[in-house]
Amino acid sequence: VSFCLKELPMAPINRLPEIAAATELAPDAPPQEDTPTTRVGKAMHRLLEWGDASVQNAAAAAAEFDLTPDQGVQAAAMAQRVLHGHGAWAWDSALVGWQANEVELMHEGEPLRLDRLVQRKDTGHWWVLDFKSNQTPQNRPDMVAQLLTYRSAVQNIYPDETVRAAFLSANGELIELAENHGPGSK
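Residues numbered from 1 in each chain as written. Predicted model: local features only at pLDDT ≥ 70, side-chain atom pairs only at ≥ 80, totals over all residues. Heavy atoms only, no water.

1. A word on the overall build of the chain
The cut-off we apply is this: Under the scheme used here, helices are H or I runs from DSSP no shorter than 4 residues and strands are E runs no shorter than 2 residues, and both carry numbers assigned from the N terminus. Burial classes follow relative accessibility: with a 1.4 Å probe on protein chains only, a residue under 20% of its type's maximum area counts as buried, one over 50% as exposed, and anything between as partly exposed. In what follows, a contact means two residues having at least one pair of non-hydrogen atoms within 4.5 Å. Each accessible area is a Shrake-Rupley estimate made with a 1.4 Å probe; only the visible protein chains count as cover when residues are assessed.
Along its length, the chain carries five helices and five strands. Mapped in sequence order, the helices and strands of the chain form the string α-α-α-α-β-β-β-α-β-β. Here the chain holds 186 residues, and 40% of them are scored as buried. Restricting the contact set of the chain to residue pairs at least 6 apart, pairs at least 24 apart contribute 61%. In the structure as shown, the chain presents an accessible area of about 10,700 Å², 53% of it carried by carbon and sulfur atoms.

Next up, the structure:
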């Protein structure tokens with residue numbers, strides 16, 4: 001049996017003490033409410049982690065999250081729209097030089113879990129991608145703030161590199177937050 005464990009490329013040496021100090025264990029976040037809608041969203045996430053919303057994977061995700069057959073179809077359809085939508089490049093090995101799902105980081109003493117982090121081969125840009133079953137996450141200040149925090153955490157690790165952030169919504173849209181999108185920006 002073999003397995004592959006992804007890890008972030010080396011951070012700049014001058015940043016290692018600061019990064020190490022920020023990775024002390026923090027208390028776990030409160031559990032998310034368990035509703036049919038959240039379970040469909042979790043199944044969509046799982047399929048996107050796998051990068052494959054095939055019938056077999058959709059059935060496995062539906063079983064894992066205790067979904068009805070109709071809910072399983074809904075989760076698979078949302079994942080398919082993401083995998084074949086404007087952000088499909090994020091799963092294309094010809095374009096992506098490094099990638100990982102469910103990347104755990106500490107930022108300002110808080111644990112974070114990024115849905116997908118990739119580095120493009122062509123530009124070298126890092127992309128923080130946040131999967132959302134919500135079709136308009138850019139209209140939700142809490143979701144925007146969360147994604148900005150994720151981008152800031154990666155930018156702190158790679159201060160001299162371009163870090164971009166986008167939502168991948170259930171309707172297949174890639175919704176990038178502008179470089180200057182942050183506290184106080186319009």
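Having seen it, we continue.
2. A word on the pattern of salt bridges
Inclusion rule: Counted as salt bridges are all cases of a side-chain nitrogen of Lys or Arg within 4 Å of a carboxyl oxygen of Asp or Glu.
Scanning all chains against the criterion turns up nine salt bridges. The partner of Arg-39 in a salt bridge is Asp-34, and the shortest N-O contact between them spans 3.5 Å. Residue classification places Asp-34 among the exposed residues on the basis of a relative accessible area of 52%. Across the pair Arg-46 and Glu-64 runs a salt bridge, and its minimum N-O distance is 2.4 Å. Remark: Glu-64 occurs in helix α3 (residues 55-64) and Arg-46 occurs in helix α2 (residues 36-50); sequence separation between them is 18 residues. A relative accessible area of 41% means that Glu-64 is categorised as partly exposed. Via salt bridges that share partners, Arg-46, Glu-49 and Glu-64 belong to a single interconnected network.

3. Details of the pairing of strand β3 (residues 126-132)
On a regular strand, each side chain points to the face opposite its neighbour's, so the side chains alternate between the two faces of the sheet. The test is simple: At least two DSSP bridges between two strands are needed for those strands to be called paired. Throughout, right-handed denotes a crossover for which the path from the first strand over the helix to the second runs clockwise when the strands point away from the viewer.
With seven of seven residues buried, β3 lies mostly within the body of the structure. Burial of the side chains of β3 extends over both faces: Trp-126, Val-128, Asp-130 and Lys-132 are buried on one face and Trp-127, Leu-129 and Phe-131 on the other. With four bridges joining them, strand β2 (residues 110-120) and β3 adopt antiparallel strand pairing. Bridge pairing links Arg-116 to Leu-129 in β3. Hairpin geometry of β2 and β3 is characterised by an intervening segment of five residues between the two adjacent antiparallel strands and by a positive phi of about 80° at Gly-124. At this point the chain moves from β3, through helix α5 (residues 141-157), to the parallel strand β4 (residues 163-169), and the crossover so formed is right-handed.

4. Overview of the confidence of the model for the chain
Basically, it comes down to this: Across the chain, each position has a pLDDT score giving the predictor's confidence in that residue, from 0 to 100.
The predicted model of the chain averages 85 in pLDDT, with 79% of residues at 70 or higher. Below pLDDT 50 for its whole length, residues 13-30 participates in 13 contacts with residues either more than four positions away or in separate chains. Low pLDDT (under 50) marks residues 182-186, which in the prediction has two contacts with non-local residues, meaning those over four places away or in another chain.

5. Digging into the nonpolar core
The following threshold applies: Put simply, a nonpolar core is a bunch of buried Ala, Val, Leu, Ile, Met, Phe, Trp, Tyr and Cys residues held in one set by side-chain atoms that sit within 4.5 Å of each other.
If you look at the biggest cluster of nonpolar residues, it comprises 27 residues, and the most contacted ones within it are Met-44, Leu-48, Leu-67 and Leu-129. Elements that contribute at least two residues to this core include exactly α2, α3, α4 (69-83), β3 and β4. With 23 residues, the next largest nonpolar core counts Trp-98, Ala-100, Val-128 and Phe-167 among its residues.

6. So, α3
Applied cut-off: This arc describes the spread of directions from the helix axis toward the C-beta atoms.
When α3 is considered as a whole, its buried residues turn out to be Ala-58, Ala-61 and Ala-62. Around the axis of α3, the buried residues are gathered within 100° of arc, so they sit on the same side. Among the exposed residues of α3, those oriented more than 90 degrees off its buried face are Gln-56 and Ala-63. For α3, the secondary structure elements touched by its buried residues are α2 and α4. A positive backbone phi angle near 55° is found at Asp-66, which sits one or two residues after α3.

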